[in-house]
Amino acid sequence: MSRILDKWRRRRSSPATSLPERLYAHFPGAVMLLDAHGVILEVNPSMARVTGHAAESLVGRRVTGLDEQPLRGPLSRALDHCVQQRQSWHGLLHCRHADGRRLYLDTFIQPLVEEPHAPLRLLCIQHDVGTLLEPAIADRARLGRLETVVTGLPGVVFQLHQAPRGALSFGYLSEGLTALCGLSPDAVMADPARLLDRLVGEDRQALTNALAQSSVSLEPWQLAFRIETPEGMRWLEATAGVRRESGGGTLWDGWLQDVTLRKEAERRTQHLISTDMLTGLLNRRAFLANGEAVLAHAARNRRRVPVAMIDLDHFKALNDTHGHAAGDIALQRFATTCRDSLRPYDLIGRLGGEEFAVMLVDSEPEEAWSVLERLRQAVADSELMLGGETLHFTVSMGMAFLDPGGNLGEALGRADHALYRAKRAGRNRIVGPETVA
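We now turn to the structure provided with this report. Source: prediction; values computed, not measured.

### Digging into the overall build of the chain
For step 1, the next point in the chain: Summing up its helical and strand segments, the chain has 16 helices and 17 strands in all.
For step 2, the next point in the chain: Structurally, the chain occupies a C-alpha span of about 135 × 55 × 35 Å along its principal axes.
For step 3, the next point in the chain: Out of the 437 residues belonging to the chain, those deemed buried represent 41%.
For step 4, the next point in the chain: Taking the intrachain contacts of the chain between residues at least 6 apart in sequence as the baseline, contacts between residues at least 24 apart amount to 52%.
For step 5, the next point in the chain: Summed over all atoms, the accessible surface of the chain reaches about 23800 Å², with 54% contributed by carbon and sulfur.
For step 6, the next point in the chain: A distance of 7 Å separates the average location of the 51 positive side-chain charges in the chain from that of its 53 negative side-chain charges.

### Here's the deal with a nonpolar patch on the surface
For step 1, the next point in the chain: A grouping of Leu272, Ile273 and Met277 is seen on the molecular surface, where their side chains present a nonpolar patch of about 330 Å² in accessible area.
For step 2, the next point in the chain: One can find isoleucine 273 in helix α11 (residues 260-274).
For step 3, the next point in the chain: Isoleucine 273 sits in the partly exposed class, given a relative accessible area of 39%.

### Some thoughts on the side chain of aspartate 35
For step 1, the next point in the chain: Secondary-structure assignment places aspartate 35 in strand β1 (residues 30-35).
For step 2, the next point in the chain: Within polar-contact distance, the side chain of aspartate 35 engages the backbone nitrogen of histidine 37 at 2.8 Å.
For step 3, the next point in the chain: Among the polar contacts made by the side chain of aspartate 35, one reaches the main-chain amide nitrogen of valine 39 at a distance of 2.9 Å.
For step 4, the next point in the chain: In this view, aspartate 35 contacts Leu41, Leu120, Arg121 and Leu122; residues no more than four positions away in its chain are not counted.

### A short note on the pairing of strand β16 (residues 395-402)
For step 1, the next point in the chain: With 8 of its 8 residues buried, β16 lies for the most part within the structure.
For step 2, the next point in the chain: Because side chains alternate across β16, one face comprises the buried residues Val395, Met397, Met399 and Phe401, and the other comprises Ser396, Gly398, Ala400 and Leu402, equally buried.
For step 3, the next point in the chain: Relative to β16, strand β11 (residues 305-312) is paired through 8 bridges, and the arrangement is antiparallel. For valine 305, the partnering residue across the bridge sits in β16 and is leucine 402.
For step 4, the next point in the chain: Of the strand pairs in this sheet, β16 and strand β17 (residues 430-431) are connected by 2 bridges, and their pairing is parallel. The residue of β17 that forms the bridge with glycine 398 is valine 431.
For step 5, the next point in the chain: Crossover β16 to β17 through helix α16 (residues 408-424) is left-handed.

### With respect to the sheet that holds β16
For step 1, the next point in the chain: Here 5 strands make up an open sheet; going across it, the order is β12-β13-β11-β16-β17 and the pairing mixed. Lying at the two open borders of the sheet, with one neighbouring strand each, are β12 (347-352) and β17.
For step 2, the next point in the chain: Bridging between β11 and strand β13 (residues 355-359) involves 5 bridges; their strand directions are antiparallel. In the sheet register, aspartate 311 faces β13, and the bridge partner there is glutamate 355.
For step 3, the next point in the chain: Helix α15 (residues 365-381) rests against β11, β13, β16 and β17 of the sheet, and its axis sits at about 165 degrees to β16.

### Here's the deal with the environment of glycine 241
For step 1, the next point in the chain: Following the sequence through the fold, glycine 241 ends up in strand β9 (residues 232-244).
For step 2, the next point in the chain: Using a relative accessible area of 31% as the deciding quantity, one classes glycine 241 as partly exposed.
For step 3, the next point in the chain: Each C-alpha atom, one on glycine 241 and one on glutamine 222, is 9.2 Å from the other, the two residues being 19 residues apart in sequence.

### Structural notes on the side chain of aspartate 311
For step 1, the next point in the chain: Mapped onto the elements, aspartate 311 comes out in strand β11.
For step 2, the next point in the chain: Within the structure, the side chain of aspartate 311 is placed 2.8 Å from the side chain of lysine 423, a separation counted as a polar contact.

### A word on the packing of helix α13 (residues 315-322) against helix α14 (residues 324-341)
For step 1, the next point in the chain: Their axes nearest at 6 Å, the elements α13 and α14 cross at an angle of 135 degrees. As the angle between them shows, α13 and α14 are arranged oblique. Residues Phe315, Leu318, Asn319 and His322 of α13 pack against His324, Ala326, Gly327, Ala330 and Leu331 of α14.
For step 2, the next point in the chain: A class-by-class count of the residues in the contact of α13 with α14 yields 5 nonpolar, 4 polar and no charged.

### So, the sheet that holds strand β8 (residues 221-229)
For step 1, the next point in the chain: Across the sheet, which stays open at both edges, the 5 strands sit in the order β7-β6-β10-β9-β8 with antiparallel pairing between neighbours. The open sheet terminates on both sides in strands that have one partner only, identified here as β7 (168-173) and β8. When strand polarity is set aside, the average angle formed by the axes of neighbouring strands in this sheet is 30 degrees.

Criteria and cut-off values
- Residues numbered from 1 in each chain as written.
- Predicted model: local features only at pLDDT ≥ 70, side-chain atom pairs only at ≥ 80, totals over all residues.
- Heavy atoms only, no water.
- Helix = DSSP H or I, 4+ residues; strand = E, 2+ residues; numbered from the N terminus.
- Buried < 20%, exposed > 50% of the residue type's maximum accessible area, 1.4 Å probe, protein only.
- Contact = heavy atoms within 4.5 Å.
- Areas by Shrake-Rupley, 256 points an atom, 1.4 Å probe, with all protein chains shown as cover.
- Lys, Arg positive; Asp, Glu negative; His and termini not counted.
- Charge placed at Lys NZ, Arg CZ, Asp CG, Glu CD.
- Patch = residues over 30% accessible without salt bridge, like charges linked within 9 Å, V, L, I, M, F, W, Y side chains within 5 Å.
- Salt bridge = Lys/Arg side-chain N within 4 Å of Asp/Glu carboxyl O.
- Polar contact = N/O pair within 3.5 Å; in protein donor to acceptor, adjacent residues only side chain to side chain.
- Pairing = 2+ DSSP bridges.
- Right-handed = clockwise from strand over helix to strand, strands pointing away.
- Axes fitted to C-alpha atoms, helices over the stretch in contact; angles between N-to-C directions.
- Parallel < 35°, antiparallel > 145°, perpendicular 65-115°, else oblique.
- Nonpolar A, V, L, I, M, F, W, Y, C, P; charged D, E, K, R; others polar.

Okay, structure coming up:
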């Protein structure tokens, strides 16, 4: 070891005359001569500037001590490659400066064989490229911090791409997708159908329509839709900005969140504002609104819609004789009988007091008459037990037919006139447009 140090000192003190010696002395990077075990035999003057270690302190030590991972790290594996394969190695190493900071060293190791039986030597040349990598390193650090923030958000950041021919693919999905619907971002980016095929019913078509409109108008889009998850159906809401790509594709950058609780609250609120609190049937406003949807469906199919007005017979006398509590019970019993006698898709609403309206969906005149007669008979057969007394009540009905494109209010008016004819004819009966009182 002392001979190696003496040789190194003599080379340091003697004038550099040959080109190799001048290169060795003035090369701006670090140059080391290593033995086959990675022990440092010689270093050039710039070694101290690059690594912060004095040359005397490095000679005789293993070069792997400079690596961030001294034991079987990248530098150790590079040395093994050079010794075993007798081939050069080139790559980027993370090393430590004497002050502890990280160094990014572009490293080249070349095996040297001076004579057939001479011991193997390795020439190691390193150049500090940290200043070149600093922008990329800073960007990577910022990206890492951003990814941490995005991962912690209660939703999903996404990038959705649509090719010119319409194929959809995800360019990015944040980790929140797993918590949202039990799918990994990587799996959905590899196969978008894993997510899109879980959309419920017509919501997939609604998404297709929203994307098509946004792609043409280049306006942002927002859509709430249902999706099947391992925990059951959830409501998700997507909001995204849009931009056109140079190749003709469309790109949406957006945000996806779970709005199930909000949708449930909206549903409860809608139920409250559309339901008659006493009977649980539709109130006047909700009945008329739903009735317009039934009429639109019937108009598309060119069908008439039977409508009926219904009134509880002698309701005022029931209230006056037995009290308003008895009247409320009668109204509730009638509502229950309607739900049992009518079909699930028929509309029934309380318009006020003891007055009710019915719309029979997809019914021919004969069928409509049969349905209403079944309801009238069920009410007549029902019994109310009030304070040990058994009470009966009946209903009168007036029916009319609404032609495609007709007016619901006008049809209810005609049904109301038929109702009064039923009352004048003795109550507890149905009067239709062709019935003579």
